Each structure stands twice: as structure tokens, then as C-alpha cells.
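# Overview (structure and organization)
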Amino acid sequence: MRRVAVLGATGSIGASTLDVIARHPARFTASVLAAHSKVDELVALCVRFRPRLAVIADAALENELARKLRHAGVDCAVAGGPDAVTAAASGELCDTVVAAIVGAAGLESTLAAARAGKRLLLANKESIVMAGPLLLAALREGGGDLVPIDSEHNAIFQCLPGGRPALAAAGVRRIILTASGGPFRGRTRADLAAITPAQAVAHPRWSMGPKISVDSATLMNKGLEVIEAHYLFNAAPDDIQVLVHPQSLVHSLVEYLDGSVLAQLGNPDMRTALAHALAYPERIEAGVPPLDLATAGKLEFEDPDTETFRCLALAFAALRAGGDATAILNAANEVAVAAFLGGTLHFLGIADIVETVLAELPPEPVVDIPTLVARDGAARAAARRVLSRAYC
Ligand code: NAD
Ligand code: MG
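Basis of the calculations
Residues numbered from 1 in each chain as written. Chains lettered and ligands numbered in written order. Predicted model: local features only at pLDDT ≥ 70, side-chain atom pairs only at ≥ 80, totals over all residues. Heavy atoms only, no water. Helix = DSSP H or I, 4+ residues; strand = E, 2+ residues; numbered from the N terminus. Buried < 20%, exposed > 50% of the residue type's maximum accessible area, 1.4 Å probe, protein only. Contact = heavy atoms within 4.5 Å. Areas by Shrake-Rupley, 256 points an atom, 1.4 Å probe, with all protein chains shown as cover. Lys, Arg positive; Asp, Glu negative; His and termini not counted. Charge placed at Lys NZ, Arg CZ, Asp CG, Glu CD. Expected span 1.5 Å × (residues − 1). Donors = N, O, S within 2.8 Å, 3.2 Å for Na, K, Ca; no water. Pairing = 2+ DSSP bridges. Axes fitted to C-alpha atoms, helices over the stretch in contact; angles between N-to-C directions. Patch = residues over 30% accessible without salt bridge, like charges linked within 9 Å, V, L, I, M, F, W, Y side chains within 5 Å. Salt bridge = Lys/Arg side-chain N within 4 Å of Asp/Glu carboxyl O. Polar contact = N/O pair within 3.5 Å; in protein donor to acceptor, adjacent residues only side chain to side chain. Near = heavy atom within 4 Å. Nonpolar A, V, L, I, M, F, W, Y, C, P; charged D, E, K, R; others polar. Core = buried A, V, L, I, M, F, W, Y, C linked by side-chain atoms within 4.5 Å. 1 Å grid on protein atoms, 1.4 Å probe; cavity = no way out; pocket = protein on both sides within 12 Å on 5 of 7 lines; lining within 4 Å. Points joined across faces, edges and corners; volume = space filled by probe spheres on them.

## So, the overall build of the chain
- The helix and strand tally for the chain stands at 17 helices and 11 strands.
- Once the C-alpha set of the chain is aligned to its principal axes, its extents read approximately 55 × 50 × 40 Å.
- Burial analysis of the chain (392 residues in total) assigns 55% to the buried set.
- Taking the contacts inside the chain whose residues are at least 6 apart along the sequence as the reference set, 69% of them involve residues at least 24 apart.
- Counting only carbon and sulfur atoms, one obtains 53% of the accessible surface of the chain, whose full area is about 15700 Å².
- In the chain, 35 side chains carry a positive charge and 41 a negative one; their mean positions are 4 Å apart.

Structure below.
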């Protein structure tokens, strides 16, 4: 029986994870459920999944959670605060951790799971974008496996022999990440000036949380995924190509030296990646309808428009700049996306903020977590300064 800690249980990935777990009660148990602040949703999940431990990251809500769990007749341990989430990720109650917290807030728990040798199902791409070398070191130290959940990286993992081999030894020429293009594919910069948050989060293919939905609309999501692929598969920036594929049926491809190109296809449903990663190396039912290519229509592919969607180019630039530039990029983007969702920044301003902050904070070497967290803070402060200068 795999004992799974679902960090970010009340989110979109959390829901897909729990759906797969519920389909296989003899194989998996959700032993730890953690969320940020939605107490009632967490309680409802605890009633259904009966974890050994429920964690709420907002410590002020711990007592309310305990009371409501008691009232609902759930007998499990309760903890509160970010440190409790991190402790749960490395603790004895789980052997598998689904890292599905959104943003840099997921960093410490992801690292803790890696260091403790858990099987790490990595959805929280911001943690690897921010701290790639440190996360890889933590994985080596812990000796556990990492199976990517991001659909593109999960696809690449499936197309490579043994998941994450040395690419040169495996005869890989390049990695091709597909991108849906988001809701604004084909639009010009002028079209995008007045985009509202509601328009930006209405993704044509995937149903996801608000932050990643905005990232998909700006193509920053693809930029973060290029950086994620660089670290996960040790691929040079020049060996990673982005290809827009609006149907989102080909989840990514690996091109080999002999001209072979292997792709992973499926309906756009995160339960496929989650079922793959939970059961790896076995295969299990995920609840995803079979892909019917005869009725799927045309599969289209095109190059991305990086002049309109500047965030993708900025992410490549940060990756090439090296050091902690990708952490700066991520922090500035998180602040800018929050401002956009809050109605204080226009859509095109997201790229402007990220670009300005990258220019203000030239890269420094990645040394350790405290330094990185301080740089993340400095980048957030810089982003807020730029926001207040330009937009208030
Ligand atoms: P979401 O907004 O739906 O859910 C986020 C979850 O994180 C919630 O459960 C929330 O309670 C929790 N959370 C937020 N801040 C927290 C904090 N400070 N401490 C503890 N928990 C906190 O987001 P999502 O769409 O499920 O995405 C989660 C992660 O997975 C993101 O990093 C995203 O990029 C990645 N991802 C998501 C998808 C998808 O299809 N949704 C696909 C690929 C990758
Ligand atoms: Mg993805």
C-alpha cells in the first residue's frame, strides 16, 4: 500500500490525485492531506479519505480545523503552519508526496520530501524553477525517485528510457515541449492590452488553478516548463524546443539522433500523469476516456510567437543567464500575476514587470536555501516597487 501525502489537496491537482487514489483503494491511501486555508473543503476531503494527518498551512486556522474535524467525526492528527506542511512531507506517515502547492510556497516541503527519500510526484514547477540545483542535490541525498506530474515532463519521462537518463548516453538530440498556446493564441499585442482576469483564466483545453492559468495565457507557464525540463533532464537550453499544438493531445516529444521522434499522447486530463506517477513502473486505470484519434480531428503544430508572448523569451533568457536568474524570474512573475488577478496590473504589464526585475537584480550563484529565499524576497520587493511606480 502506497501512503500518499497530498500537499495542495484542495487544488486542481489535489482533486485529480484524490480521484485516482479513490479508484484504487487497495493500492493507495491518502495518509496526509494539506491545504492552505480552505478549512471546509479540507474537512470534506478528510471525511471522504480518512487521512492520518490533516495540515492547514495558515496556522491561525488550526483550531477551527480541529474543531470541525471532531464535529464531522474524523479522528486524525491535526497540525498548522508552513513548518507542519514541511514536516509532513518528510515524516513517517507517507512514502509518496504529491507536491501540488502553487508557487514558491511549495519549495520547503518539496525539498523536504526529496531529502527524505520519498517518491516525489512533482507538480509544483515553481520549486524546481527557483531551486533546481538544490532540489537535484536533495534528491541525490535522499535517494528517492522523482516522477514529473507536469504533463509535458511526464510525457518526456515516458518517452525516455528509464525516465531520467543521461541524455547524451541515451542518444537524445532534443526535447520538444508542446504548448497549447493558451486562450490568446493568434492574437496581437494590441489585442491583449485590455484582457481581463476572467478571460485569461478560461483555458481552452485544461482546467487548472488561477495562477497557472494566467501563466498559460502569457506563455510564462511554458517558460517555467523549459526551465523545469532543463533541470529535470539535464538538457541544455538549445536542446529544448517549444512547439505550439493547440489540440493538447501530444503532450511532448523526444527526438533521437537516428531521427526517431517519440511522443506521448492522450486526452488532456492530469489524471493520466498522476496515475502513471503513482503506479510507476506499473500502469493503472486513471478514469480518463480513451483517446480516439479518428474523431479527434486535425493535429496542428506551429512555432510560438515570442514577440507577442514575451514571457517565454524572458524565461529562456533567465535560463541562459544562469545562477539564480530563474528564481528572480519566478518571484517577479508570481507578484505580477497576483497583481493582474487582483486588477491592479494589465495583462501585458506582467512581462514588463518580470523584465524590469531581471534587469534590476543581476544573477548571483545558487548557494543555499536561505540565500535563495532572501533573493526571492528581494525580487518580490523589487516587483512591488515597479508596480507602485508604474501602475498606481
Ligand atoms: P490550485 O490553485 O488549484 O491549488 C493550489 C493548492 O495549493 C491548494 O490546495 C492550496 O490550498 C495550496 N496552497 C496554496 N498556497 C499554499 C501555501 N502557502 N501552503 C500550503 N498550501 C498552499 O493550483 P493547481 O492548478 O492545482 O496547481 C498546483 C501546482 O501544480 C502549481 O505549481 C502548478 O503550476 C502545477 N501544475 C498544475 C497543473 C494543473 O493542471 N492544474 C498542471 C501542471 C502543473
Ligand atoms: Mg504543463
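## Details of helix 14 (residues 310-321)
- Between its terminal C-alpha atoms helix 14 stretches 16 Å, which fits the 16 Å expected from 12 residues at 1.5 Å a residue.
- Within the sequence span of helix 14, burial applies to Arg 310, Cys 311, Leu 312, Leu 314, Ala 315, Phe 316, Ala 318 and Leu 319.
- Residues of helix 14 that are buried sit in contact with helix 8 (189-192), helix 10 (210-218), helix 11 (220-233), strand 9 (240-244), helix 15 (325-341) and helix 16 (349-360).
- Just downstream of helix 14, Gly 322 is the residue with a positive phi angle, here 80°.

## Concerning the coordination of the magnesium ion (ligand 2)
- Those donors, Asp 150 (OD), Glu 152 (OE) and Glu 225 (OE), are the protein atoms that reach the magnesium ion (ligand 2), and they lie 2.1 to 2.2 Å from it.
- Sequence spacing of the donor residues for the magnesium ion (ligand 2), all on one chain, is D-x1-E-x72-E. Of the two residues, Glu 152 sits in helix 7 (residues 151-159) while Glu 225 sits in helix 11, which places them 73 residues apart along the sequence. For the pair shown, Glu 152 and Glu 225 are each scored as buried.

## Examining the sheet that holds strand 9
- Pairing within the open sheet is mixed, and its four strands lie in the order 9-8-10-11. Strand pairing shows two members of the sheet lacking a second neighbour, strand 9 and strand 11 (261-265), which therefore form its edges. Averaged over all pairs of adjacent strands, the angle between strand axes in this sheet comes to 20°, irrespective of strand direction.
- With five bridges joining them, strand 10 (residues 250-256) and strand 11 adopt antiparallel strand pairing. Its bridge partner lying in strand 11, Glu 255 is registered against Val 261.
- In this fold helix 11 packs onto strand 8 (172-179) and strand 9, with an angle of close to 150° to the strand it touches most, strand 8.

## Observations concerning a nonpolar patch on the surface
- On the surface, a nonpolar cluster with roughly 320 Å² of combined accessible area is contributed by Leu 265, Leu 293, Leu 299 and Phe 301.
- Within the fold, Leu 293 resides in helix 13 (residues 293-296).
- We classify Leu 293 as partly exposed; its relative accessible area is 46%.

## Description of the side chain of Lys 222
- Mapped onto the elements, Lys 222 comes out in helix 11.
- Judged by relative accessible area, which is 4%, Lys 222 ranks as buried.
- Side-chain polar atoms of Lys 222 contact the side chain of Glu 152, separated by 2.8 Å.
- Discounting residues that sit within four places of it in the chain, Lys 222 has contacts with Glu 152, Thr 178, Ala 179, Val 242 and Leu 312.

## Points about the site of ligand 1
- Taken together, the neighbourhood of ligand 1 is formed by 23 residues, with Thr 10, Ser 12, His 36, Glu 126 and Gly 209 sitting nearest.
- Contact between ligand 1 and Thr 10: an oxygen atom at 2.8 Å from a side-chain N or O atom of the residue.
- Relative to its unbound accessible surface of 830 Å², ligand 1 loses 87% to contact with the protein.
- Secondary structure elements with two or more residues in the shell around ligand 1: helix 1 (12-23), helix 6 (125-142) and helix 10.
- Per-class residue counts for the shell around ligand 1 are 13 nonpolar, seven polar and three charged.

## With respect to the pattern of salt bridges
- Counted by the stated rule, this structure contains 27 salt bridges.
- Here Lys 125 ties to Glu 225 by a salt bridge, and the two come within 2.9 Å at their closest N and O atoms. Of the two residues, Lys 125 sits in helix 6 while Glu 225 sits in helix 11, which places them 100 residues apart along the sequence.
- By relative accessible area, Lys 125 is classed as buried at 4%.
- On the basis of relative accessible area, Glu 225 is assigned to the buried category, the value being 1%.
- Across the pair Arg 385 and Glu 360 runs a salt bridge, and its minimum N-O distance is 3.6 Å. Residue Arg 385 is located in helix 17 (residues 369-391), and its partner Glu 360 is located in helix 16; the two are separated by 25 residues in the primary sequence.

## Some details on the nonpolar core
- Formed by 138 residues in total, the largest nonpolar core has its most connected members in Leu 33, Leu 329 and Val 357.
- Considering every element that reaches this core, the biggest residue donor is helix 15, with 11 residues.
- Setting aside residues no more than four positions away along its own chain, Val 357 makes contact with Ile 328, Ala 332, Ala 379, Ala 382, Ala 383 and Val 386.

## Brief notes about the layout of surface pockets
- Approximately 180 Å³ is the volume found for the second largest pocket.
- In this structure, the second largest pocket is lined by Gln 264, Leu 265, Gly 266, Asn 267, Thr 272, Glu 285, Ala 286, Gly 287, Val 288, Pro 289, Pro 290 and Leu 291.
- Residues that form the lining of the second largest pocket fall into these classes: six nonpolar, five polar and one charged.

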